[in-house]
Amino acid sequence: MTSPHDALAASLAERGLRWLAVTWVNHAGAPLVKAVPVAQLAETVRTGVGFSPVADAFGADGGIDPAHRLAVPDGDLRLRADAAALAPLDPALGWAWAPGERWQRNGAAYGADQRHFCRRQQERLEAQGITLQAGFELEWLVAEPGTAPGPAVPGGPYGADRLVEGLDYATAVLEAIEAAELPWLQFHPEYGASQFELSLAPANALEAADRLVHARLVIQRVSRRFGWRCSFSPKPSLERVGNGGHLHISLQRDGVPLLQGGEGPGGLTVPGQAVLATLLEELPGLMALACPLVVSYLRLAPSAWAAPFQVWGIENREAALRLIPTAADGSAAHLELKVSDLGANPYLLLGGVQAVVQTGLQRPGSLGGCPVLPPPVSGDPAGLPAGTASRLPVDLAEASAAFAASSLLRQAMGDALHGSLLDSQAAELRRNAGLTPEDQVLASGWWPLVGGLG
Ligand code: GLU
Ligand code: MG
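Note that the structure is a prediction, hence the values are computed from the model and not measured.

1. Some thoughts on the pattern of salt bridges
Phase 1 of the analysis: Applying the stated criterion across every chain, the model contains 16 salt bridges.
Phase 2 of the analysis: Residue Asp65 pairs with Arg430 through a salt bridge whose shortest N-O separation is 2.8 Å. In this pair, Asp65 sits in the loop between strand 3 (49-51) and strand 4 (77-81) while Arg430 sits in helix 12 (residues 415-432), placing the two residues 365 residues apart along the sequence.
Phase 3 of the analysis: Where Arg115 meets Asp210, a salt bridge forms, and the shortest distance between an N and an O atom there is 2.8 Å. Placement of Arg115 in helix 3 (residues 114-127) and of Asp210 in helix 6 (residues 205-225) is noted, with a sequence separation of 95 residues between them. Of the two residues, Arg115 and Asp210, neither departs from the other in class, the shared state being buried.
Phase 4 of the analysis: Through salt bridges that share partners, Asp82, Glu101, Arg115, Arg119 and Asp210 make up one connected network.

2. What to know about the nonpolar core
Phase 1 of the analysis: Counting residues in hydrophobic clusters, the biggest one holds 98 residues, and the most contacted among them are Leu138, Trp140, Tyr169, Ile219, Leu247, Leu279 and Leu350.
Phase 2 of the analysis: Among the elements that line this core, the one with the most residues is helix 7 (residues 270-290), at 11 residues.
Phase 3 of the analysis: Each residue touching Leu247, except ones within four places of it in the same chain, is listed here: Ala134, Gly135, Phe136, Leu335, Glu336, Leu337, Ser340, Leu349, Leu350 and Val353.
Phase 4 of the analysis: If you look at the next biggest cluster of nonpolar residues, it comprises 26 residues, including Leu32, Ala60, Ala83 and Trp447.

3. Section: the side chain of Ser231
Phase 1 of the analysis: Looking at the element boundaries, Ser231 is found in strand 11 (residues 229-231).
Phase 2 of the analysis: Judged by relative accessible area, which is 0%, Ser231 ranks as buried.
Phase 3 of the analysis: Separated by 3.2 Å, the side chain of Ser231 and the backbone nitrogen of Ser233 make a polar contact.
Phase 4 of the analysis: Leaving out residues up to four positions away in the same chain, Ser231 has contacts with Trp140, Leu141, Pro149, Pro236, Asn243, Gly445, Trp446 and Trp447.

4. Some remarks on the packing of helix 3 against helix 6
Phase 1 of the analysis: The N-to-C vectors of helix 3 and helix 6 enclose an angle of 150°; their axes lie 9 Å apart at closest approach. By the angle between their directions, the pair helix 3 and helix 6 is classed as roughly antiparallel. Here Arg115, Cys118, Arg119 and Gln122 of helix 3 come into contact with helix 6, specifically with Ala205, Leu206 and Asp210.
Phase 2 of the analysis: Its residues placed into classes, the contact of helix 3 with helix 6 shows 3 nonpolar, 1 polar and 3 charged.

5. Points about the site of ligand 1
Phase 1 of the analysis: Lining the immediate environment of ligand 1, one finds Glu139, Glu190, Glu197, Gly242, Gly244, His246, Arg299, Trp305 and Lys338.
Phase 2 of the analysis: Side-chain polar atom of Glu139 to a nitrogen atom of ligand 1: 2.7 Å apart, as the coordinates give it.
Phase 3 of the analysis: Glu190 is positioned such that a nitrogen or oxygen atom in its side chain is 3.0 Å from an oxygen atom of ligand 1.
Phase 4 of the analysis: Here ligand 1 loses 93% of its free accessible area of 300 Å² to cover by the protein chains.
Phase 5 of the analysis: Across the shell around ligand 1, the residue classes tally to 1 nonpolar, 3 polar and 5 charged.

6. Brief notes about the pairing of strand 6 (residues 95-104)
On any regular strand, side chains alternate: one points to one face of the sheet, the next to the other face.
Phase 1 of the analysis: Burial analysis of strand 6 places 7 of its 10 residues in the buried class, which makes it a mostly covered element.
Phase 2 of the analysis: Strand direction decides the pairing type here: strand 1 (residues 19-25) and strand 6, joined by 5 bridges, are parallel. Along strand 6, the bridge assignment pairs Trp19 with Trp95.
Phase 3 of the analysis: Here strand 5 (residues 87-90) runs beside strand 6; their pairing, made up of 3 bridges, is antiparallel. If you follow Ala87 over to strand 6, its bridge partner there is Trp97.

7. Observations regarding the packing of helix 7 against helix 10 (residues 396-405)
What describes two packed helices is the angle between their axes and the distance between those same axes.
Phase 1 of the analysis: At a minimum axis separation of 7 Å, helix 7 and helix 10 run at an interaxial angle of 115°. Two packed elements cross with a definite hand, and for helix 7 against helix 10 that hand is left-handed. Residues Pro284, Gly285, Met287, Ala288 and Leu289 of helix 7 form the contact with helix 10, whose own contacting residues are Ala399, Ser400, Ala402 and Phe403.
Phase 2 of the analysis: Its residues assigned to classes, the contact of helix 7 with helix 10 shows 7 nonpolar, 2 polar and no charged.

8. Points about the environment of Ala39
Phase 1 of the analysis: Inspection of the secondary structure puts Ala39 in the loop between strand 2 (31-37) and helix 2 (41-46).
Phase 2 of the analysis: Counting along the chain gives 407 residues from Ala39 to Trp446, while the straight-line C-alpha distance between them is 35 Å.

9. A look at the packing of aromatic side chains
Phase 1 of the analysis: Under the defined criterion, the tally for this structure stands at 10 aromatic pairs.
Phase 2 of the analysis: Ring centres of Trp140 and Phe232 lie 6.0 Å apart, and the angle between their planes is 40°; on these two criteria the pair is classed as tilted. Taken together, the positions of Trp140 in strand 7 (residues 130-144) and Phe232 in the loop between strand 11 and strand 12 (247-253) put the pair 92 residues apart, joining distant regions of the chain.
Phase 3 of the analysis: Accessibility expressed as a relative area gives 0% for Trp140, which makes it buried.
Phase 4 of the analysis: Note on Phe232: relative accessible area 0%, which makes it buried.
Phase 5 of the analysis: For the pair Phe187 and Phe196, a centre-to-centre distance of 5.7 Å together with 15° between the ring planes defines the contact as stacked.

10. Details of the coordination of the magnesium ion (ligand 2)
Phase 1 of the analysis: Ligation of the magnesium ion (ligand 2) by protein atoms is provided by Glu139 (OE), Glu190 (OE) and Glu197 (OE), these donors lying 2.0 to 2.1 Å from the ion.
Phase 2 of the analysis: Positions of the donor residues of the magnesium ion (ligand 2), expressed as sequence spacing, correspond to E-x50-E-x6-E. For the pair Glu190 and Glu197, a shared accessibility class is recorded, and that class is buried.

11. A few points about helix 5 (residues 167-179)
Phase 1 of the analysis: Under the 1.5 Å per step criterion, the end-to-end length of helix 5 is 18 Å for 13 residues, consistent within 8% with the ideal 18 Å.
Phase 2 of the analysis: Restricting attention to buried positions, one finds in helix 5 the residues Tyr169, Ala170, Ala172, Val173, Leu174, Ala176 and Ile177.
Phase 3 of the analysis: Those residues of helix 5 that are buried are in contact with strand 7, helix 4 (160-165), strand 9 (184-189), strand 10 (195-200) and helix 6.
Phase 4 of the analysis: Of the residues trailing helix 5, Glu181 is marked for its positive phi of about 60°.

The rules we used
Residues numbered from 1 in each chain as written. Chains lettered and ligands numbered in written order. Predicted model: local features only at pLDDT ≥ 70, side-chain atom pairs only at ≥ 80, totals over all residues. Heavy atoms only, no water. Salt bridge = Lys/Arg side-chain N within 4 Å of Asp/Glu carboxyl O. Helix = DSSP H or I, 4+ residues; strand = E, 2+ residues; numbered from the N terminus. Buried < 20%, exposed > 50% of the residue type's maximum accessible area, 1.4 Å probe, protein only. Core = buried A, V, L, I, M, F, W, Y, C linked by side-chain atoms within 4.5 Å. Contact = heavy atoms within 4.5 Å. Polar contact = N/O pair within 3.5 Å; in protein donor to acceptor, adjacent residues only side chain to side chain. Axes fitted to C-alpha atoms, helices over the stretch in contact; angles between N-to-C directions. Parallel < 35°, antiparallel > 145°, perpendicular 65-115°, else oblique. Nonpolar A, V, L, I, M, F, W, Y, C, P; charged D, E, K, R; others polar. Near = heavy atom within 4 Å. Areas by Shrake-Rupley, 256 points an atom, 1.4 Å probe, with all protein chains shown as cover. Pairing = 2+ DSSP bridges. Left-handed = near helix turned anticlockwise from the far one by under 90°. Phe/Tyr/Trp six-rings, centres within 6.5 Å; stacked < 30°, edge-to-face > 60°. Donors = N, O, S within 2.8 Å, 3.2 Å for Na, K, Ca; no water. Expected span 1.5 Å × (residues − 1).

Below is the structure:
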């Protein structure tokens, strides 16, 4: 009898899909891959393919910091493909893609696996009747290859001139995104020179993270076909605005929205306020997941819509947490985490956000009393009197210290994941130590092209 996965492999082969790229995203945020023939799908789902645990000690440039606890030659894991998330990658060339999770060879879960962590948090929320929908916005620079990324497509911010100057590219990107079966909401030329943005449609946390990884590979592929490169670096150049990876989330409990229909500011319900208050409180530690590169903090300047203050606001693009309330058109209220960038491992970020949401909803305040949510901030917090709005961590060292001190995140992740991430953050700090901001930007300018073009 053929297994369902053999049947799936046969239908993929009928569609001309011959090879399967199975990816996971390591502690440094880089997608790593092993490819197998589609005919081996059932085995790749059941048993998986080998991957050494050392791959989480790879830094953002691919180098291994010897002080990292996973910088050892021993051991092996099995990367198992998730067939439910399988989709085309470049179908014209016969490629399919699936995200994977790493397991111990004895069949036990591997404690430091990022997608497991996200899955566990999602299952916990779902068991409490909570539905979290999430979607990422991707911003990237289309650049001519060279030492440093230089703009390839002329045209102004949000400019129709840039859309038509790059219309062949835009068409190819959107065609490839659709051929990869990635639902998207919106595409536009962004503010920065030669910068574009794609908003992915919302889904559950695992799917949202998968879609980000998948879409980034598709965009990278299309850019290459044009002889260009895309940079998703949070700060591809010191002079221009950075690339964000904003995260949108909405929440429902037993089908009832928590971010609208209440008496609180912006229509927040009492549990919705508790979630916001807890997210704000935990934001410094979450930053180590949302903004994990040293250059992430060069992007987070005030007044650049990257929102580096620990405040929330209603429709305020300078607030780290922006509430987009429900409106006359009936659109659902949601929250935007503006600080995050695409250096983030989306599984870790969404796992962390879900853990914080869960804690917020368990707070006694959310059951009756009023949780402590400061008033929303309107206008640019940079213009407020000194001391009114606190700055979020100004560098990775500060964010990593907050992450180390967060018992919420440590307990949700477990020591294997939390501790090895601290080592990765220390390695990223050492990699950049002694470099000027110019050299830091150059060293990460082509992210996620590991090793850049140097
Ligand atoms: N490029 C800005 C950033 O670094 C965001 C612009 C926007 O609000 O979309 O996050
Ligand atoms: Mg944008």
